[in-house]
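# Structure assessment
Each chain, letter by letter, is given below.
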There are 2 protein chains.
Amino acid sequence: MTREVDYEPRSVKRLLAEMKDIAELMIDLSYSAVLLDSDEVAEEVLQLEDEMDVLQLRTHMSLLMASRTPDDAEALAPVLGIVGATEKVSDATGDIAKIVLEDIRLPDAIRAALPEAVETLVRARVDPDSRFVGETLGGLNLETETGVRAIAIRRAGEWILNPDRETQLEPDDVVLFRGPDEGVAGVYQSTTGEAYLPPD
Amino acid sequence: MTREVDYEPRSVKRLLAEMKDIAELMIDLSYSAVLLDSDEVAEEVLQLEDEMDVLQLRTHMSLLMASRTPDDAEALAPVLGIVGATEKVSDATGDIAKIVLEDIRLPDAIRAALPEAVETLVRARVDPDSRFVGETLGGLNLETETGVRAIAIRRAGEWILNPDRETQLEPDDVVLFRGPDEGVAGVYQSTTGEAYLPPD
């Protein structure tokens, strides 16, 4: 990681809440990458691992700055344990992603049909000519019309982890869409301008 | 873990999908336990850690049984890596839960208001006299009426990880409910027959 991270005052609770969101997304993406055999999804896990490193550093800084008295130090020391455990989660999901990128494919003998609960997850870059540019997720009404949800957006190296109805799509946004195959195919094409190739 | 786990033929993909669901739930619960300062939620993480151990053992068995040829072995060996990484995730969230149970409380100096995105998460045991007994989640229509969702149910040591509209509540079910404070208070009281005490 070459990015420099300066101290800025931020609530430790808010930082923990962000780490929670990222950790959940990393689990989701790393397993989805295995189950759907998707290198693209695995690569997003590695992007999130970097983001988690930055958050951990910020949390460390905030904890050090918040500790003024022996009582503070006593109360805050366990939080360092939580940050350390989070690093293990992040590393482990990163390991899963790397295994996928190193080309794991379950042999046909045990490639059973996917449980129906597992929907498709796809990474789509917003084409500057897409009709989605400048639209909000609420305005597009994707979920109602196609069953497809935008679960996270990466924009210029920053993450929008819980995009909502007001979130506007911009050119070159990388959007992670989840939903049923047919819905995802249409949304992918409208986003990227390219045909969707489902995992086989 | 004293529970004995026998081999039964199960698809590795299905086992991985279950491990994904449990890992996501463990992350969610362990961080929620920290953020809401809830021992009850932390205890559910330790229950899930046991469940994950069983799943890992089953996955190991299925992998060993599925490996008939050198090609199989080559393709399946990396899956053992994924199972190992999952164990790290499970252990790390268990560590977080144990820190919560050992009584971590963020000092007032940094106890900022919770980000609004963090809803309350509560564990409620279904009282045999509750009006919820025998009702389906769909029939109760909780989410529409109160904003509260049942995210998992523990029933006689087994987990229902993705309860849906058809899931019926039974006496002594342990239900994890998530939602806004006011909604959770009402649902908790209807479930347990006891008043809800919010975390302070």
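Residues numbered from 1 in each chain as written. Chains lettered and ligands numbered in written order. Predicted model: local features only at pLDDT ≥ 70, side-chain atom pairs only at ≥ 80, totals over all residues. Heavy atoms only, no water.

### Considerations on the sheet that holds strand 1 (residues 120-125) of chain B
Residues and elements named next belong to chain B. In spatial order, the strands read 1-4-2-3; together these four strands make up an open sheet with antiparallel pairing. Edge positions in the sheet fall to strand 1 and strand 3 (158-160), since each of these pairs with one other strand and no more. Averaged over all pairs of adjacent strands, the angle between their axes in this sheet comes to 20°, without regard to strand direction. Here three bridges tie strand 2 (residues 149-155) to strand 3, and the two strands are oriented antiparallel to one another. If you follow Arg-154 over to strand 3, its bridge partner there is Trp-159. Sheet strands touched by helix 6 (residues 181-192): strand 1 and strand 4 (174-179). Its angle to strand 1, the strand with the most contacts, is close to 5°. (Pairing = 2+ DSSP bridges. Helix = DSSP H or I, 4+ residues; strand = E, 2+ residues; numbered from the N terminus. Axes fitted to C-alpha atoms, helices over the stretch in contact; angles between N-to-C directions. Contact = heavy atoms within 4.5 Å.)

### Considering the environment of B:Glu143
Residue and element names in this part refer to chain B. With respect to the helices and strands, Glu-143 occurs in helix 5 (residues 142-146). The sequence separation of Glu-143 and Arg-178 amounts to 35 residues, and the corresponding C-alpha distance is 9.7 Å. Once residues lying within four places of it in the same chain are set aside, the contact partners of Glu-143 are Val-148 and Arg-149.

### Notes on unusual backbone geometry
Even without a glycine there, the phi angle at A:Asn141 is positive, about 55°. Within the secondary structure, A:Asn141 sits in the loop between helix 4 (137-140) and helix 5 (142-146). The backbone phi angle of B:Asp172 is positive, close to 70°, even though this residue is not glycine. Along the polypeptide, B:Asp172 turns up in the loop between strand 3 and strand 4.

### A few points about the interface of chain A and chain B
In this complex, chain A contributes 43 residues to the contact, which on the side of chain B involves 43 residues. Contact with chain B buries area across many residues of chain A, yet A:Lys13, A:Lys20 and A:Tyr31 alone supply 18% of it, more than any other trio. Between chain A and chain B we count four salt bridges in total. Here B:Asp95 makes a salt bridge to A:Lys88, at a shortest N to O gap of 3.7 Å. For the pair chain A and chain B, the interface holds six residue pairs in polar contact (both at pLDDT 80 or more). Counting only elements with at least two residues in the side of chain A that touches chain B, the list comes to helix 1 (12-36) and helix 3 (70-101) of chain A. Broken down by element, the side of chain A that touches chain B gets its largest block of residues, 16 residues, from helix 3 of chain A. (Buried area = accessible area lost by both parts, 1.4 Å probe. Salt bridge = Lys/Arg side-chain N within 4 Å of Asp/Glu carboxyl O. Polar contact = N/O pair within 3.5 Å; in protein donor to acceptor, adjacent residues only side chain to side chain.)

### Thoughts on the environment of B:Val34
Structurally, the position occupied by B:Val34 is in helix 1 (residues 12-36). C-alpha separation for the pair B:Val34 and B:Ile104, spaced 70 residues apart in sequence, amounts to 7.9 Å. Not counting residues up to four positions away in its chain, the partners in contact with B:Val34 are A:Leu16, A:Ile82, B:Ile96 and B:Val100.

### Brief notes about the packing of helix 1 of chain B against helix 2 (residues 39-66) of chain B
All names here are of chain B. Taken N-terminus to C-terminus, the directions of helix 1 and helix 2 make an angle of 160°; their axes are 9 Å apart at the nearest point. One finds that helix 1 runs roughly antiparallel with respect to helix 2. The interaxial crossing formed by helix 1 with helix 2 has left-handed handedness. (Parallel < 35°, antiparallel > 145°, perpendicular 65-115°, else oblique. Left-handed = near helix turned anticlockwise from the far one by under 90°.)

### What about the packing of helix 2 of chain B against helix 3 (residues 70-101) of chain B?
Residue and element names in this part refer to chain B. Where helix 2 meets helix 3, the closest approach of the two axes is 9 Å, and the angle between their N-to-C directions is 165°. If you check the angle between helix 2 and helix 3, you find them roughly antiparallel. The crossing of helix 2 and helix 3 is left-handed. Within the contact of helix 2 with helix 3, the residues separate by chemical class into 13 nonpolar, seven polar and seven charged. (Nonpolar A, V, L, I, M, F, W, Y, C, P; charged D, E, K, R; others polar.)

### So, the side chain of B:Thr120
All names here are of chain B. Among the secondary structure elements, Thr-120 is positioned in strand 1. Among the polar contacts listed, one links the side chain of Thr-120 to the side chain of Asp-181, at a separation of 2.4 Å. In this structure Thr-120 touches Leu-36, Phe-177, Arg-178, Gly-179, Asp-181, Val-184 and Tyr-196, once residues within four positions along its chain are discounted.

### Regarding the nonpolar core
Residues A:Leu16, A:Leu29, B:Leu16 and B:Leu29 are the most contacted members of the largest nonpolar core, which totals 84 residues. Listing elements by their share of this core, those giving two or more residues are helix 1, helix 2 (39-66), helix 3 and strand 2 (149-155) of chain A together with helix 1, helix 2, helix 3 and strand 2 of chain B. (Core = buried A, V, L, I, M, F, W, Y, C linked by side-chain atoms within 4.5 Å. Buried < 20%, exposed > 50% of the residue type's maximum accessible area, 1.4 Å probe, protein only.)

### Thoughts on the side chain of B:Arg154
Residue and element names in this part refer to chain B. Within the element layout of this structure, Arg-154 appears in strand 2. What makes Arg-154 buried here is its relative accessible area of 13%. In this structure the side chain of Arg-154 is engaged in a polar contact, spanning 2.8 Å, whose partner is the side chain of Glu-44. In this view, Arg-154 contacts Glu-44, Gln-47, Arg-123, Trp-159, Asp-173 and Val-174; residues no more than four positions away in its chain are not counted.

### Some thoughts on the pairing of strand 4 of chain B
Residue and element names in this part refer to chain B. For strand 4, the buried fraction is high: six of the six residues fall into the buried class. Two strands pair when backbone bridges link them, and strand 1 and strand 4 are joined in this way by six bridges, in the antiparallel orientation. Across the sheet, residue Arg-125 finds its bridge partner in strand 4, namely Val-174.

### Quick look at the sheet that holds strand 3 (residues 158-160) of chain A
Residues and elements named next belong to chain A. Read from one edge to the other, the open sheet built from four strands follows the order 1-4-2-3, with strand pairing classed as antiparallel. Edge positions in the open sheet fall to strand 1 (120-125) and strand 3, since each of these has one partner strand only. Within this sheet the neighbouring strands show an average axis-to-axis angle of 20°, counted without direction. On top of the sheet, helix 6 (residues 181-192) reaches strand 1 and strand 4 (174-179); it is set at about 5° to strand 1, its chief contact.

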